[in-house]
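Topology and contacts: notes
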Amino acid sequence: MENPKTLNEKINWLKLNDRRDIHTICADKIRVREYVTEKIGKQFLIPLVFKSYDINDLVPANLPDKPFIIKTNHDSSGGEIIRDKTKVNWKKLHKKFRKLLSKNYYYIGKEWQYKNIKPGILVEQLLVEENGQVPFDYKFHCFNGKVEVIHVDIDRYSNHKRNCYNPKWELLPFTWSMWKNNKPLWPNGKHVDKPVQLDKMITIAERLSEPFPYVRIDLYEFASEVLFGEITFHHGSGLEIIHPKEWDLKLGNLVTINKG
């Protein structure tokens, strides 16, 4: 791809050509905490309650009595939410995570940043609101250090919808989704209220995105705080369709890539 123009074309160009050590650090859910601490401060990190590179360490005695989420550090799986560790089938859980740890996520989508991550497990405090729900995950798409699109997934595990907003929290007139039967799997959904701390979140996302031509920064607004989720370099592996297609080109025009 010699002359990428659309956003998805540029995401795929970056996947093949922009391979710096910082990508491996930031894609590693354990090591990225160092990057976040350096760039914006450790107060924006979700509390880490356990980490290990040995699955045999994942036992109830090493874990809190409060709700938590177990993740692997080297892929993009969502993790396993545990609200009560006394009700967990630990043999089954170990089997699941052994399988995840045995995979090199690079070979799925050829996203280089995953190739050299040492597989491990981390356990974070589960963010739970008063209604028992997990808070919205706001995904800030940053183009050469500037937030241009913020997307929010709605009812992700039941009737998945997705809204894309601009930094003024105005709904943008396109869908960004995988497609099936000539229609988006994740069409626009109900309006999502503007985050109270949107301006602060934008500042944080832009600060974290500074070294990269394009990147997605995931943040939470929780208990009057802004908390870091993760960094994603190639949203949807550059395969999710932006419709109408002219928006793929408009967004692509906002990304300047260095071919030198």
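Preceding this section is the structure that the text describes.
For the structure given in this document, a descriptive report is provided here.

This part covers a positive patch on the surface. Taken together, K91, K95, K99 and K103 make up a surface patch of like positive charges. Tracing the backbone shows K99 in helix α4 (residues 90-101). According to the relative accessible area criterion, K99 is exposed, its value standing at 54%.

Attention shifts here to the side chain of D75. Within the secondary structure layout, D75 lies in the loop between β2 (68-72) and β3 (80-82). Of the polar contacts made by the side chain of D75, one reaches the side chain of T72; its length is 2.8 Å. Once residues lying within four places of it in the same chain are set aside, the contact partners of D75 are K29, L100, Y105 and Y114.

This part is about the pattern of salt bridges. Taken as a whole and judged by the stated rule, the model has twelve salt bridges. Of the charged contacts, one joins E124 and R33 as a salt bridge, the two residues approaching to 3.8 Å between their closest N and O atoms. With E124 in strand β4 (residues 121-125) and R33 in helix α3 (residues 32-39), this pair connects stretches of sequence that are 91 residues apart. By relative accessible area, which is 7% here, E124 ends up buried. E240 is the partner of R162 in a salt bridge, and the nearest nitrogen-oxygen pair spans 2.8 Å. Within this pair, whereas R162 is found in strand β7 (residues 161-165), its partner E240 is found in the loop between β12 (225-232) and β13 (241-243), the two being separated by 78 residues in sequence. What makes R162 buried here is its relative accessible area of 5%. Overall, the relative accessible area of 7% leaves E240 in the buried class. Through salt bridges with shared partners, a single network forms among D137, K139, R216 and D218.

Turning our eyes to something else, we now look at the sheet that holds β12. If you walk across this open sheet you meet the five strands as β7-β6-β5-β11-β12, and the pairing is antiparallel. A strand with exactly one partner marks an edge of an open sheet, and here the two such strands are β7 and β12. Ignoring which end each strand starts from, the neighbouring axes of this sheet average 25 degrees apart. Pairing between strand β5 (residues 137-143) and strand β6 (residues 146-154): six bridges, direction antiparallel. Residue pairing in the sheet places Y138 in a bridge with V152 of β6.

Conventions we followed
Residues numbered from 1 in each chain as written. Predicted model: local features only at pLDDT ≥ 70, side-chain atom pairs only at ≥ 80, totals over all residues. Heavy atoms only, no water. Patch = residues over 30% accessible without salt bridge, like charges linked within 9 Å, V, L, I, M, F, W, Y side chains within 5 Å. Areas by Shrake-Rupley, 256 points an atom, 1.4 Å probe, with all protein chains shown as cover. Salt bridge = Lys/Arg side-chain N within 4 Å of Asp/Glu carboxyl O. Lys, Arg positive; Asp, Glu negative; His and termini not counted. Charge placed at Lys NZ, Arg CZ, Asp CG, Glu CD. Helix = DSSP H or I, 4+ residues; strand = E, 2+ residues; numbered from the N terminus. Buried < 20%, exposed > 50% of the residue type's maximum accessible area, 1.4 Å probe, protein only. Polar contact = N/O pair within 3.5 Å; in protein donor to acceptor, adjacent residues only side chain to side chain. Contact = heavy atoms within 4.5 Å. Pairing = 2+ DSSP bridges. Axes fitted to C-alpha atoms, helices over the stretch in contact; angles between N-to-C directions.

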